[in-house]
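One letter stands for each residue in the lines below.
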Amino acid sequence: MIKKALIGILCSAVVLAVGILIGHYGISSGSSAPSWMQNVTKDVDESFIEKFLSEVDTVHIQENLRELTDMPHMATTAGDEKTVQVMLKRWQDPGYGLDDAWREEYDVYLSFPNANKPNKVTVVNAEAAVLHSIREKEKAYTDDQKDPDVVQPYAAYSPPGNVKGRLVYANQGKPSDYEHLNQTLDLRGTIAITRYGGAGRGAKAINAAPYGVVGVLVYTDPLDINDGLMSDASETYPHSWYMPPSGVERGSFNRDFGDLLTPYLAAKEDTYRISPEDITGIPPIPTQPIGFEDAYVLICALGGDAAPSTWQGAFNCTYNVGGPGFSSASAFNNSDVKMDIYNYGEVKKSANVMGVIKGSVEPDRYVIYGNHRDSWVHGAIDPSSGTSVMLELTRVLGRMVKEGVWRPRRSIIFGSWGAEEFGLIGSAEYTEQYFAKLSERAIAYINVDIAVFANATLRASAMPSLESVIFKATKEVSAPGEASTSVYDAWIRHSNRTSPTHGLIPKLGYLTGAGSDYAAFVHYLGISSIDMSYTYDRSKTNARIYPAYHTAYDTFDYASKYIDPGFVGHQAVARTAGNILIRLADSLLLPFNCSDYAEILEAYLNTAVSLYQQQLQAHKISIGKLQTDWWRCYASKCNSLSFMPLKVRRINDQLMLLDRAFLDPLAFPDKYAFRHVIWTSSSAGKATFPGLADAYAKAELSGEASDWAKVHYHLSVVSQAIEGAANTLAEVI
């Protein structure tokens, strides 16, 4: 088995080495040692962190959010440009304390509805008479929801088209859902209505097209978002946080992240572009999201057999799959659903706003903190809760730089990413433009897009090596509304696991998909990353996300009333994220723990052995290489260390580059920009090495020799990647 104890040898040796350096060359106030030596040996200042925590202010965060949500700010619109100017005005102000700030523009391919020709979905009879029209705009309850710049709900990157067909209910639009329907129904020429969840937005249409489905509707079932509640007279917004009946989740329906016309290239004006017709991973058929009030009308009128019990939702009717089409007893008998979609694509200029505080000792090592700025409508929670937190961090840290109280050891880069809602575009283009520099110099990336879902507990996902610094920071911050309880204590109470090494600890998630702006940093560059927010108690609600997500109801009013009254959750996230940021920027030895990484890898190995070893042996594939002692770290000869600044630098670089060693640019040719063999996305649903898990699932299903050969290939890929990672921690030749 992986010798995780041996993993700790290097980690312990590193700590001992640095301890010797600090202890032998620690500088007292009366020392005659040169000032450069004092700077080089300085470690993180705990008293400074205490000062930082005390100055993070809820009122400033609240006013940040109020200003950011003053108008809708979808990417590249006038509202988006206004938020660009908000960021630049703050960060370029000489009194603010940042060393530099600028806008970085990209020419990116976006998808919009036609304002002069709105998308329409209707039920029409044989004589083309309209029997029912789907609501085109959400119901407005407040003045900000009446803003003319509130974009009509639409599916970004859905193609335009005019299609008509009998309706079928396809559950979540997974491949297995369409296969189930295809066993008893002829899906050719039909339109499928699907609910959010289970499969990616665009995948619902991509999965449908091979069966001859000509259009897809998508809605949010109240069972999945509202705990079954449906009435805006007393149950949903504006009376609670739940989505009202006309609420529609907008979204980008593309599969891959980054600009779709310039894969692996930064989308600058003169960059080579593919043709829009050559884009893959977007819906091949017209697609449109609708509210559950209209989904109720359509689904409850369907004929045919009852859908499986697991497909049933919150409506007070039986969900039938369709005949195809509506029930003969319904008012829609012998009627079709008609979709008239007028979306169009356009290359537009989108801006990132960047700010920097230069490091005093290692300015060429970067800790990056980011959050996207654009939203579908007002975006109070997604993403402006995160932007308001980032502005507060830069206010506090910038002022301390300006006053001469502090300057980080390493440089801190702040990124306000543009066009994230269209597929993580701003952050992805940044990583493509600065690929070489970031690959060599970036220490870590902290992502806080949605700062607060609710005030119950922290939710954090990260590389395992960052687990210990996250835990340390959360122990030093009070939980929202619980002065005597730390964020750590509240977290472990709501979500925990038992570690073989540490016992009961909070449960840290892993960055296995592309759900936010960490994706390009993790999967493309192999930079150790964190994604964090405060969230709700999942034992008290089945909501898959906060209910106003991507709707016109995600406003300042909604955030301040139902998500975080008093903004204490925002404050806790700002304090926690800022604490981690300072430790990553200031610690003499990077606060990475490779032993925690080894523990997770061993758990992955144990799962692989348990699930796959018998079948692998039957196909003469040995898993033995993963079970040998080659994962070992060679201890440095600490007792002979002399003071050398480059010694600490070298150890830190080994820790920084650990995740880069897990990158394989050829391992996943069918997954755009996914190169990390431990954390790439997987459809197998197993807590083990993703490439191996997916290959095994395919081979087990097909039985083909070529597929079993792929299993062997992915076993070799992960084995050699881990061995390479271990070698990066070994003593330098």
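Conventions adopted
Residues numbered from 1 in each chain as written. Predicted model: local features only at pLDDT ≥ 70, side-chain atom pairs only at ≥ 80, totals over all residues. Heavy atoms only, no water. Pairing = 2+ DSSP bridges. Helix = DSSP H or I, 4+ residues; strand = E, 2+ residues; numbered from the N terminus. Axes fitted to C-alpha atoms, helices over the stretch in contact; angles between N-to-C directions. Contact = heavy atoms within 4.5 Å. Core = buried A, V, L, I, M, F, W, Y, C linked by side-chain atoms within 4.5 Å. Buried < 20%, exposed > 50% of the residue type's maximum accessible area, 1.4 Å probe, protein only. Parallel < 35°, antiparallel > 145°, perpendicular 65-115°, else oblique. Left-handed = near helix turned anticlockwise from the far one by under 90°. Nonpolar A, V, L, I, M, F, W, Y, C, P; charged D, E, K, R; others polar. Salt bridge = Lys/Arg side-chain N within 4 Å of Asp/Glu carboxyl O. Expected span 1.5 Å × (residues − 1). UniProt positions renumbered as here; feature names shortened; annotations may be inferred. Polar contact = N/O pair within 3.5 Å; in protein donor to acceptor, adjacent residues only side chain to side chain. Domains from an automatic or database assignment. Buried area = accessible area lost by both parts, 1.4 Å probe. Right-handed = clockwise from strand over helix to strand, strands pointing away.

For the rest of this paragraph, the subject is the sheet that holds strand β16 (residues 457-462). Spatial ordering of the open sheet is given by β1-β12-β14-β13-β15-β21-β16, a layout of seven strands whose pairing is mixed. Two strands close off the open sheet at either side, each with one partner strand: β1 (100-112) and β16. The average undirected angle you get between the axes of adjacent strands in this sheet is 20 degrees. Pairing analysis gives five bridges linking strand β12 (residues 344-357) to strand β14 (residues 410-417), with the strands arranged antiparallel. For glycine 355, the partnering residue across the bridge sits in β14 and is phenylalanine 414.

Quick look at the sheet that holds strand β10 (residues 287-289) now. One open sheet holds the four strands; their spatial order is β6-β7-β8-β10, and the pairing between them is parallel. Edge strands, defined here as strands with exactly one partner in the open sheet, are β6 (167-169) and β10. Pairwise comparison of adjacent strand axes, ignoring direction, gives a mean angle of 25 degrees for this sheet. The pairing of β6 with strand β7 (residues 191-195) spans three bridges and is parallel. For valine 168, the partnering residue across the bridge sits in β7 and is alanine 192. Here helix α9 (residues 292-299) sits on the sheet and contacts β6, β7 and β8 (215-219); the angle it forms with β8, its principal contact strand, is near 125 degrees.

The next subject is the nonpolar core. Soluble globular proteins: nonpolar side chains tend toward being buried together. Core analysis: the biggest nonpolar cluster contains 224 residues, and Phe422 and Tyr546 have the highest contact counts within it. Tallying contributions element by element places helix α18 (residues 594-618) first for this core, with ten residues.

Interhelical geometry of helix α20 (residues 690-702) versus helix α21 (residues 705-729) gives an angle of 165 degrees and a closest axis separation of 8 Å. In terms of their interaxial angle, α20 and α21 are classed as roughly antiparallel. Pair α20 / α21 crosses with left-handed handedness. Only Asp707, Trp708, Lys710, Val711, His714 and Leu715 of α21 make contact with α20, whose side of the interface consists of Gly691, Leu692, Ala695, Tyr696, Lys698, Ala699, Glu700 and Ser702. Of the residues belonging to the contact of α20 with α21, the class tally is seven nonpolar, three polar and four charged.

Bringing the pattern of salt bridges into the picture now. Evaluation of the coordinates by the stated rule reveals 42 salt bridges. Between glutamate 362 and arginine 649 there is a salt bridge, and its shortest N-O distance comes to 3.0 Å. In this pair, glutamate 362 sits in strand β13 (residues 362-372) while arginine 649 sits in helix α19 (residues 645-656), placing the two residues 287 residues apart along the sequence. Classification of glutamate 362 by relative accessible area gives buried; the value is 5%. Among the ionic contacts, a cluster of salt bridges with common partners joins Glu362, Asp364, Arg365, Arg409, Arg410, Arg649 and Asp653.

Before going further, it helps to examine unusual backbone geometry. Here the residue pair tyrosine 237 and proline 238 is connected by a cis peptide bond, since its omega of 15 degrees sits within 30 degrees of zero. Looking along the chain, the bond that leaves aspartate 382 and enters proline 383 is cis, with omega of 10 degrees. Checked against the element boundaries, proline 383 lands in the loop between β13 and α10 (384-402). In this model, tyrosine 157 sits at a positive phi of 80 degrees, which is unusual for a non-glycine residue. Structurally, tyrosine 157 is set in the loop between β4 (155-156) and β5 (161-165).

Okay, helix α5 (residues 78-92) next. Three- or four-residue spacings in an α-helix give side chains the same orientation, since the helix completes a turn every 3.6 residues. Here α5 is 15 residues long and its end C-alpha atoms lie 21 Å apart, about the 21 Å a rise of 1.5 Å per residue gives. On its buried face, α5 is in contact with α4 (58-68), β1, β12, α10 and β14.

This brings us to the environment of proline 238. Along the chain, proline 238 turns up in the loop between α8 (222-225) and β9 (251-252). In this structure, the C-alpha to C-alpha distance between proline 238 and threonine 142, residues 96 residues apart in sequence, is 9.0 Å.

Now for the UniProt feature "domain: PA" (unreviewed entry) in the protein. As recorded in UniProt, the sites labelled "domain: PA" (unreviewed entry) are residues 163-252. Helix makes up 22% of residues 163-252 and strand 20%, whereas the separation of the span's terminal C-alpha atoms amounts to 21 Å.

This part covers helix α17 (residues 568-586). Its 19 residues give α17 an end-to-end C-alpha distance of 26 Å, which sits within 8% of 27 Å, the value for a rise of 1.5 Å per residue. α17 sits mainly inside the fold: 18 of its 19 residues count as buried.

Our next topic: the environment of leucine 187. Within the element layout of this structure, leucine 187 appears in the loop between α6 (175-182) and β7. In this structure the C-alpha to C-alpha distance between leucine 187 and proline 506, which are 319 residues apart in sequence, comes to 47 Å. Residue contacts for leucine 187: discarding those within four places in its chain leaves Val168, Tyr178, Leu181, Asn182, Tyr211, Gly212 and Val213.

The topology assignment puts glutamate 467 in helix α13 (residues 467-475). Using a relative accessible area of 3% as the deciding quantity, one classes glutamate 467 as buried. With near-sequence residues (within four places) excluded, glutamate 467 lies in contact with Arg497, His502, Ile505, Leu508 and Asp596. Polar side-chain contacts of glutamate 467 include one of 3.4 Å to the side chain of arginine 497.

Assigned domains of the protein: these are domain 1 (46-110 + 352-586), domain 2 (115-341) and domain 3 (594-729). On a C-alpha basis, the centroid separation for the pair domain 1 and domain 2 is 32 Å. Of the roughly 3,900 Å² buried where domain 1 meets domain 2, counting both sides, 60% is carbon and sulfur surface. A salt bridge links glutamate 249 to arginine 544, with the shortest nitrogen-to-oxygen separation between them at 2.3 Å. Scanning the region where domain 1 abuts domain 2 turns up 27 residue pairs in polar contact (both at pLDDT 80 or more). Mapped by element, the contributors of at least two residues to the side of domain 1 that touches domain 2 are β1, α11 (425-433), α15 (519-524) and α16 (556-563). The element that contributes the greatest number of residues to the side of domain 1 that touches domain 2 is β1, accounting for seven residues.

Counting buried positions over the five residues of β8 gives five, a clear majority of the element. Side chains Gly215, Leu217 and Tyr219 of β8 all project onto a buried face; the interleaved residues Val216 and Val218 project onto the opposite face, where all are buried too. Inspection of the sheet shows β7 paired to β8 by five bridges, in the parallel sense. Note on β8: the bridge partner recorded for alanine 192 is valine 216. In terms of handedness, the path from β7 via helix α7 (residues 201-208) over to β8 forms a crossover that is right-handed. Alignment of β8 against β10, held across three bridges, turns out to be parallel. What sits directly across from valine 218, in β10, is proline 289.

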